[in-house]
Amino acid sequence: MVGTGRGAQLGVLIKGPEVLENTRRVDTIVLDKTGTVTTGAMSLLGIHLVEGQEETDVLRLAGALEHASEHPIAQAVARGAIAKVGVLPVPEDFSNVPGLGVQGMVDGHAVLVGRERLLREWSIGLPESLQRAKKSAEGSGRTAIIVAWDGEARAVLEVADAVKPTSAQAIAQLRLLGLTPVLLTGDNQAIAESVAAEVGIAPSDVIAEVMPEDKVEVVRKMQAEGRIVAMVGDGVNDAAALAQADLGLAMGTGTDAAIEAADLTLVRGDLLAAVDAIRLARRTLGTIKTNLFWAFGYNVAALPLAAAGLLNPMIAGAAMAFSSVFVVGNSLRLRNFQTGA
Ligand SMILES: [Mg+2]
C-alpha cells in the first residue's frame, strides 16, 4: 500500500501487488519508438542554408506558406519558424500542390516549399551543398523539405519525430538497473537506427519494420529465449505486446487500449518514470521481504522460549505488538522514496 501510494504521488500507477514480483526478474526492456522514446509529433530539427542566406529570411518566408497548410510536416515547419522568428507574414497568394508541397507569394517573393520534384517543375536546380544536406537528412530517416524563392533554392529543412528530451538519460539509467534496452518499431531501419543512436541503443538492439500485429511475436520470441521482458508502449498496436510481456508499462499520454493492457501506467508519459517505476517496485518488494523476515523471526525465536516457560507473557505480548510496529514503520520508510530524475 505504501509503495503503490508513493508511486501514485510520482505518477506511476501500479495495477496490483503481483506486478512487484515481476519487476525484480525483468532483464530486457522493449521500447516502442513513436510516442514512447520520441514525442510522436513532427518537429523542425535542422536548417541547412546556401552560402550567404539568412536563416531568419528562410524561416519567415517558408513558415508563412507552411502555416497556411494543414499537412503535419508543414505544421511542424510553421511551429519551428514561429518559435524562432515570432510573427510570420501572411502570404498574398497560396496554393497546395498535393504530394509535393506548397507555393505562393510572400512579401513580394514567389516562394516554393516542398519536395525536390516541386522545384523541378519550376526548373529550379538544387546546389551541391543542399543536395548533400538532403541526402544526409534522408539517410538518417528524416524528411527533407526544400525552400526556394525567386528562382533559386535557398535551404533544406529537416523534419522528423523528435526524441523526448529525457529519453537518453532514462535509457542510461535502465542499463544501470541491469536491463537491456531494445528499440521496437514499425518504421524503417534507417529511422530506427538514427533514433537508437540518439538515445544510446546499439544497432544490434534495434528491431525495425515490424508490422503492428507482429510486436507481440517479438516479445514472445524473446521470452522463448529465456528472457524476462518488460515492454513500454503507448499505442493500440502495442496493447497485445504489453499484455504478453512479463511487465507491461503504458505511457499515460498513450491510448486507452495500451493503458488497459499494461501492469503499470506512467502518468507523465516520460521514460524516466519507467526508471522510477522499476526502482520503486523493487524497493517495495525488498521492504516486504524484510518485513516477512522479522515478523517470522520474532515468532521463531519466541515460540520455543514461551513453550519452555522461559518467556514472561507480558514481555511476549509487548514483543508481539512491537513486531507489528516494526513492520508498519519499516513500510512507511517507502514514503521517502525519491525519484531518480
Ligand atoms: Mg507508439
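Scroll up to find the structure.
Quick look at the structure, then. Just so you know, the residues in each chain are numbered from 1, in the order the chain's sequence is written. Under the rules for a predicted model, residues below a pLDDT of 70 receive no local features and side-chain atom pairs below 80 are neither given nor counted, while totals for whole chains, interfaces and linings still include all residues. Side-chain measures here rest on the full set of heavy atoms in the structure, leaving out hydrogens and waters.

## Brief notes about the coordination of the magnesium ion
The protein atoms that coordinate the magnesium ion are Asp32 (OD), Thr34 (O) and Asp234 (OD), at distances of 2.1 to 2.3 Å. The sequence pattern formed by the donor residues of the magnesium ion is D-x1-T-x199-D. Per-residue accessibility, obtained with a 1.4 Å probe over protein chains only, is compared with the maximum for each type, and a residue is labelled buried under 20%, exposed over 50%, and partly exposed between these values. Classification of Thr34 by relative accessible area gives partly exposed; the value is 33%. Coordinating donors are taken to be N, O and S atoms lying within 2.8 Å of the metal, or within 3.2 Å when the metal is Na, K or Ca; because water is excluded from the atom set, some sites may appear incomplete.

## Considering the sheet that holds strand E13 (residues 264–266)
Across the sheet, 7 strands lie side by side as E1-E13-E12-E11-E2-E9-E10; this open sheet has mixed pairing. The outermost strands of the open sheet, each flanked by one partner alone, are strand E1 (12–14) and strand E10 (206–207). Inspection of the sheet shows strand E2 (residues 28–32) paired to strand E11 (residues 229–233) by 4 bridges, in the parallel sense. Bridge assignment links Val30 to a residue of E11, and that residue is Met231. In this analysis, strands are considered paired if DSSP registers two or more bridges between them. Per the convention used, a helix needs a DSSP run of H or I reaching at least four residues, while a strand needs a run of E reaching at least two, with both numbered from the N terminus.

## Re helix H9 (residues 189–199)
Inspection of H9 places Ala192, Val195, Ala196 and Val199 among the buried residues, and these make up the whole buried set. Taken down its axis, H9 places every buried residue within 100 degrees of arc, on the same side. By definition in these notes, contact holds between two residues if any of their heavy atoms fall within 4.5 Å. Taken together, the buried residues of H9 touch helix H3 (33–37), strand E3 (38–49), strand E8 (152–163), helix H8 (167–176), strand E9 (180–184) and E10. A side-chain oxygen of the first residue of H9 lies 3.0 Å from the backbone nitrogen of Ala190; this N-cap is Asn188. Working definition: the arc comes from the directions between the helix axis and the C-beta atoms, pointing outward to the latter. Any pair of N or O atoms that falls within 3.5 Å is considered a polar contact. Within protein, one atom must be able to donate a hydrogen and the other to accept it, and sequence-neighbouring residues count only if both atoms are side-chain atoms.

## Some details on the packing of helix H4 (residues 55–67) against helix H5 (residues 72–85)
Angles shown run from 0 to 180 degrees and are taken between the N-to-C directions of axes, each axis being a line fitted to C-alpha atoms and, for helices, limited to the stretch in contact. As a packed pair, H4 and H5 sit with axes 8 Å apart at the nearest point and diverge in direction by 135 degrees. Overall, the two elements H4 and H5 adopt an arrangement that is oblique. With respect to the hand of their crossing, H4 and H5 are arranged in left-handed fashion. Where H4 approaches H5, its residues Glu55, Thr56, Leu59, Arg60, Gly63, Glu66 and His67 are matched on the opposing element by Ala74, Gln75, Val77, Ala78, Ala81, Ile82, Lys84 and Val85. Gly is put with the polar residues, along with every residue not named as nonpolar or charged; the nonpolar set is Ala, Val, Leu, Ile, Met, Phe, Trp, Tyr, Cys and Pro, and the charged set is Asp, Glu, Lys and Arg. Classifying every residue of the contact of H4 with H5 gives 7 nonpolar, 4 polar and 4 charged. Any angle from 65 to 115 degrees is called roughly perpendicular, while one under 35 is roughly parallel, one over 145 is roughly antiparallel, and all others are oblique. Crossings are sorted by hand: turned counterclockwise from the far helix by less than a right angle, the near helix makes the crossing left-handed, and turned clockwise it makes it right-handed.

## Description of the packing of H8 against helix H13 (residues 272–307)
Running from N to C, H8 and H13 point in directions that differ by 25 degrees, and their axes come no closer than 8 Å. Taken as axis vectors, H8 and H13 run roughly parallel relative to one another. Judged by residue contacts, Gln169, Ala170, Gln173 and Leu174 of H8 engage Leu272, Val275 and Ile278 from H13.

## Concerning the side chain of Arg154
Tracing the sequence through the fold places Arg154 in strand E8. Under this rule, positive means Lys or Arg and negative means Asp or Glu; His and the chain ends count for nothing. Any carboxyl oxygen of Asp or Glu that lies within 4 Å of a side-chain nitrogen of Lys or Arg is treated as forming a salt bridge with it. Among buried charged residues, Arg154 stands out as having no salt bridge; its nearest opposite-charge side chain is Glu152, 4.6 Å away. Polar side-chain contacts of Arg154 include one of 3.4 Å to the side chain of Gln53. Arg154 has contacts with His48, Leu49, Val50, Gln53, Val58, Leu130, Val147, Ala148 and Trp149, leaving out every residue within four places of it along the chain.

## A word on the pattern of salt bridges
A side chain of one charge can pair with a side chain of the opposite charge if their charged atoms are brought near each other. Within this structure, the stated rule accounts for 15 salt bridges. Notably, a salt bridge pairs Asp107 with Arg60, separated by 2.3 Å at the nearest N-O pair. Of the two residues, Asp107 is situated in the loop between strand E5 (101–106) and strand E6 (109–114) and Arg60 in helix H4; the sequence distance between them amounts to 47 residues. Taking the relative accessible area as the measure of exposure, Asp107 reaches 37% and is therefore partly exposed. Of the residues examined, Arg60 reaches a relative accessible area of 30% and is grouped as partly exposed. Between Lys134 and Glu116 there is a salt bridge; the shortest N-O distance is 3.3 Å. Linking Lys134 in helix H7 (residues 128–139) with Glu116 in helix H6 (residues 116–121), this pair joins segments that are 18 residues apart in sequence. Judged by its relative accessible area of 14%, Lys134 is buried. Judged by its relative accessible area of 19%, Glu116 falls in the buried class. Among the charged side chains, a network of salt bridges with common partners joins Arg268, Asp270, Asp276 and Arg279.

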